[in-house]
Amino acid sequence: MTNHSRRTILRGLAATAVATGFVLPRVSIGQAARIKLGLMLPYSGTYAALGRNIDEALRLAIAQQGGKLGGREVDYITLDDESDPPKGAERASKLVNGDQVDVLIGTVHSGVAAGMVKVAHDTGALLIIPNAGLEAATGALCGPNIFRTSFSNWQPAYAMGKVAAGRGWKRAVVISWDYAAGKESNGGFAEAFTADGGKIEKELYLPFPNVEFQPLLTEIASIKPDVVYAFFAGGGAVKFVRDYAAAGLPKTIPLVGPGFLTDGTLQAQGDAAQGLETTLHYADGLDLPRDKEFRAAFESAAKRDADVYAVQGYDTGQLLVAGLNGVKGDAGAKPALIEAWEKAEIDSPRGKFTLSKSHNPVQDIYLRKVAGLDNKYVSVAVKALADPARGCKMA
Ligand code: BEZ
């Protein structure tokens, strides 16, 4: 068929649709509709490596299905959010309203994710969050069309609060960037730590993505707490762990955190990270066949080691596969797609997980300890931990 006659047929169908009120399917003549995925991630800045691993592992999961979702070819539209919160809603809206993506996927930074959640509410677009732990996304701002394949900021933090209190530490300083993820992570740690008799001596913050840690390290040295809990990730985590060691603090004040402090960063942190203990929904050496298989596939495709961000990207791909296979590639069948996602059991490299009523993973949180280039599995810190989903009307 020539382009001209295809256009003529489509124009005819469109005219009939207007006259009869009949809605045209998104399938053009002679061609099955393709699934459009909108990937909004940090491809630059302090979280760039995190975004890159999410992107590549997501594509890997789909490539393992012959590059298709529910029998349909996939188009990827990528947009750099620069981890810049004011750009969140505007860029998400460009993908949803401009590019008309079938599923919006993103992001890493909780502040940017807040803008994406708003767009998902305003438009009804399907949103899958492959990292950002923003509690409201599966809490007060939860929605039937909003899913997360990663964690809530509360989950690993709460587990570390329990571990720290269990060590008999009583006085803690918490430190982070001054934005939702840092505040929520410190809050989750404080909740468990104080419930078990601990006290937060001081909360220290600096603006994201600032890495001028020196004045805050001097303050920590003068407070002399039993333990420091720190949320930093990506490039900022590399610098913080190195500066903490250079200040000579590890000798007297143990440093702990959620696993983002040392995941994907160990090569750059070198000796400064050795022995650090963190809690996360992933660890090296889990001894799961699924994990070994995934790591080999990721390393062969990406030519670098997998980390928690790659796992989350892969699981986002797995959720897409489960849902779209369930509806035979009809991304417009939203209620059925949502139901398939709600019922999915994801066979993740981290261990199998399901989603809570608020659409957040219910998962084991591991205690890990840095040895060489590994965040070595130590134990399960909290089994099958569900986020409390505070304020979510669906939960
Ligand atoms: C967040 O902003 O939610 C986040 C960023 C990096 C790692 C973990 C959480």
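For the structure itself, consult the block above.
Procedures and definitions
Residues numbered from 1 in each chain as written. Predicted model: local features only at pLDDT ≥ 70, side-chain atom pairs only at ≥ 80, totals over all residues. Heavy atoms only, no water. Salt bridge = Lys/Arg side-chain N within 4 Å of Asp/Glu carboxyl O. Helix = DSSP H or I, 4+ residues; strand = E, 2+ residues; numbered from the N terminus. Buried < 20%, exposed > 50% of the residue type's maximum accessible area, 1.4 Å probe, protein only. Arc of directions from axis to C-beta. Contact = heavy atoms within 4.5 Å. Near = heavy atom within 4 Å. Polar contact = N/O pair within 3.5 Å; in protein donor to acceptor, adjacent residues only side chain to side chain. Areas by Shrake-Rupley, 256 points an atom, 1.4 Å probe, with all protein chains shown as cover. Nonpolar A, V, L, I, M, F, W, Y, C, P; charged D, E, K, R; others polar. Domains from an automatic or database assignment. Phe/Tyr/Trp six-rings, centres within 6.5 Å; stacked < 30°, edge-to-face > 60°.

Student: Just checking my understanding: could you explain the pattern of salt bridges for this structure?
Tutor: Here the structure, examined in full by the defined rule, presents 29 salt bridges. Put simply, glutamate 219 and lysine 202 hold a salt bridge, and the shortest N to O gap is 3.1 Å. Residue glutamate 219 is found in helix H7 (residues 214-223), and its partner lysine 202 is found in strand S8 (residues 199-206); the two are separated by 17 residues along the sequence. Exposure remark for lysine 202: the relative accessible area of 34% places this residue in the partly exposed category.

Student: Help me out: how do you make sense of H7 in this one?
Tutor: For an α-helix, the turn length of 3.6 residues means that residues three or four places apart are oriented alike. Burial in H7 covers these residues: Leu216, Leu217 and Ile220. On an axial view of H7, the arc spanned by its buried residues comes to 100°, and they lie on one face. Exposed residues on H7 whose side chains face more than 90 degrees from its buried face are Pro215 and Ser222. Of the surrounding elements, those touching the buried residues of H7 are strand S7 (171-177), S8, strand S9 (227-231) and helix H8 (234-246). Just downstream of H7 lies lysine 224, where phi reads positive at about 55°.

Student: I tried to follow the site of the ligand on my own but got confused; where do I start?
Tutor: For the ligand, the set of nearby residues contains 15 residues, the closest of which are Val108, Ser110, Gly133, Tyr179 and Ala181. With respect to the ligand, the side chain of serine 110 contributes an N or O atom lying 2.7 Å from an oxygen atom. Between the ligand and the protein, one listed contact pairs an oxygen atom with a backbone N or O atom of glycine 133 at 3.0 Å. Relative to its free-state accessible area of 260 Å², the ligand is covered by the protein chains to the extent of 100%. Broken down by class, the residue content of the shell around the ligand amounts to ten nonpolar, five polar and no charged. A domain split of the shell around the ligand shows at least three residues from each of domain 1 (3-151 + 287-362) and domain 2 (154-280).

Student: What's the story with the packing of aromatic side chains in this structure? I'm lost.
Tutor: Aromatic ring pairs are reported here in terms of the distance separating the ring centres and the angle at which the planes meet. Using the criterion set out here, one finds 19 aromatic pairs in the structure. Pairing tyrosine 47 with tryptophan 177 gives two aromatic rings, centres 6.1 Å apart and planes at 75°, and the pair type is edge-to-face. With a gap of 130 residues between them, tyrosine 47 in the loop between strand S1 (35-41) and helix H2 (48-63) and tryptophan 177 in strand S7 connect regions that are remote in the sequence. Judged by centre distance (5.0 Å) and plane angle (65°), the rings of phenylalanine 213 and phenylalanine 232 are edge-to-face. In this pair, phenylalanine 213 sits in the loop between S8 and H7 while phenylalanine 232 sits in the loop between S9 and H8, placing the two residues 19 residues apart along the sequence. Overall, phenylalanine 213 belongs to the buried group, its relative accessible area being 1%.

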